[in-house]
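Take a look at the letters that make up each chain.
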Amino acid sequence: APTHTINYRLIHSNCQKTSSFCYRTGMNGLQLFLPCAAGVESWLANEVVSITQLPTDDVKAVRAGVLVNGSWRHAMLLNLHCRLAQRVLVQLQRSPYSKEDDLYQAAQQVAWELWFTPYQTFKIEITAHHSPLKSLNFAALKIKDAVVDRFRDRAGMRPNVETQWPDVRIYAHLTNDRLSLYIDTSGEPLFKRGWREDKGDAPLKETLAAAMIAATGWQPDSGVPLYDPCCGSGTIAVEAAQMACHMAAGLQRRFAFEKLQPFQAHVWQQLREEAQDAIIQPKEITVFGSDVAHRMVDFA
């Protein structure tokens, strides 16, 4: 085998053997970004502080999301417990750009090999706000080229692109002069809680239902009942009931971080067990729902 391939495998093996060292040094100073619906930012920031117990100075509400100075453990915690965020992203690069070649240079500087291997598939998701570039598809292609070229230079092989069910999702966001690169730790959007068997007609996303509950100011421990007279398939009622039972939002699903290099199964298992142990049975029922359509109540 080529020497560079052997070196990659040695590096990968050494990182696996010293995963606790990698975890302590490289994964404690992460910049996390949690996108959310417009208008939900302040509630999401409060939720993040409650989940992570981080100082408020490390949590900042910005346009359509929240920035968090946290760790890899915080990323897993937020995926498991967060009800208002759309997903949890790790910011890996933020740099100025003016043309497509600048995107290539910025993406090639990211140590992608610390996050996934060339044996895994990936996909580039790109969004823009007032970007001067003419083609987002071409911009995404330049970033993809940078990722595969870095792997080819260091490992002698490259990961494949998979547009439907990739192992890894890389998010790129362009403003008028800045590129931000993120790696996704969530996989499917966080509104997919994992419990729903059938959504019925015109389903309400669970993240929006949680935001509506937050807007009411309802607290499950206050003793004040919550009633949804147009409950549909029961999204608001189920969200509220899970809150009343102290049930983690993501306890019934899988996440993309389970396929990433920093993942430690024993740490994740401990977080899941703690979430499971926190579930309670409320003394009285305080959540109610009804609907004019009997079929939708059956879904609920």
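### A few points about the sheet that holds strand β2 (residues 59-62)
Piece 1. Taken in spatial order, the seven strands make up an open sheet running β2-β3-β1-β4-β7-β6-β5, and their pairing is mixed. The strands lining the two open edges of the sheet, one partner per strand, are β2 and β5 (122-128). Here the strands of the sheet are splayed against their neighbours by 30 degrees on average, with no regard to which way each runs.
Piece 2. By the bridge criterion, seven bridges tie strand β4 (residues 89-96) to strand β7 (residues 178-184) in an arrangement that is antiparallel. Within β7, the residue paired with proline 96 across the bridge is arginine 178.
Piece 3. Across the face of the sheet, helix α3 (residues 41-52) comes into contact with β1 (30-35), β2 and β3 (65-70) while running at roughly 165 degrees to β2.
Piece 4. Packing of helix α4 (residues 72-81) onto the sheet brings it into contact with β1 and β3, and relative to β1 it is tilted by some 15 degrees.

### A word on the pattern of salt bridges
Piece 1. Using the criterion set out here, one finds 14 salt bridges in the structure.
Piece 2. The residue lysine 99 makes a salt bridge to aspartate 102 at a minimum N-O spacing of 3.5 Å.
Piece 3. It is possible to trace a salt-bridge network through shared partners that takes in Arg83, Arg193 and Glu239.

### Here's the deal with α4
Piece 1. Across the 10 residues of α4, eight count as buried, placing the element largely inside the fold.
Piece 2. By the burial criterion, the buried members of α4 are Trp72, His74, Ala75, Met76, Leu77, Leu78, Asn79 and Leu80.

### Notes on the layout of surface pockets
Piece 1. Here the largest pocket is characterised by a volume of approximately 800 Å³.
Piece 2. Lining the largest pocket we find 26 residues, and of these Glu47, Ser50, Ile51, Arg83 and Met243 sit closest to its centre.
Piece 3. Among the secondary structure elements, those contributing two or more residues to the lining of the largest pocket are α3, α4, α7 (206-216), α8 (235-244) and α9 (265-277).
Piece 4. Considering every element that reaches the lining of the largest pocket, the biggest residue donor is α3, with five residues.
Piece 5. In terms of residue class, the lining of the largest pocket is built from 15 nonpolar, seven polar and four charged.
Piece 6. Its volume calculated, the second largest pocket comes out at about 620 Å³.
Piece 7. Residue lining of the second largest pocket: 23 residues in total, with Phe33, Arg63, Ala64, His173 and Tyr182 positioned closest to the centre.
Piece 8. No other element matches β5, which puts four residues into the lining of the second largest pocket.
Piece 9. Per-class residue counts for the lining of the second largest pocket are 11 nonpolar, seven polar and five charged.

Calculation rules
- Residues numbered from 1 in each chain as written.
- Predicted model: local features only at pLDDT ≥ 70, side-chain atom pairs only at ≥ 80, totals over all residues.
- Heavy atoms only, no water.
- Pairing = 2+ DSSP bridges.
- Helix = DSSP H or I, 4+ residues; strand = E, 2+ residues; numbered from the N terminus.
- Axes fitted to C-alpha atoms, helices over the stretch in contact; angles between N-to-C directions.
- Contact = heavy atoms within 4.5 Å.
- Salt bridge = Lys/Arg side-chain N within 4 Å of Asp/Glu carboxyl O.
- Buried < 20%, exposed > 50% of the residue type's maximum accessible area, 1.4 Å probe, protein only.
- 1 Å grid on protein atoms, 1.4 Å probe; cavity = no way out; pocket = protein on both sides within 12 Å on 5 of 7 lines; lining within 4 Å.
- Points joined across faces, edges and corners; volume = space filled by probe spheres on them.
- Nonpolar A, V, L, I, M, F, W, Y, C, P; charged D, E, K, R; others polar.

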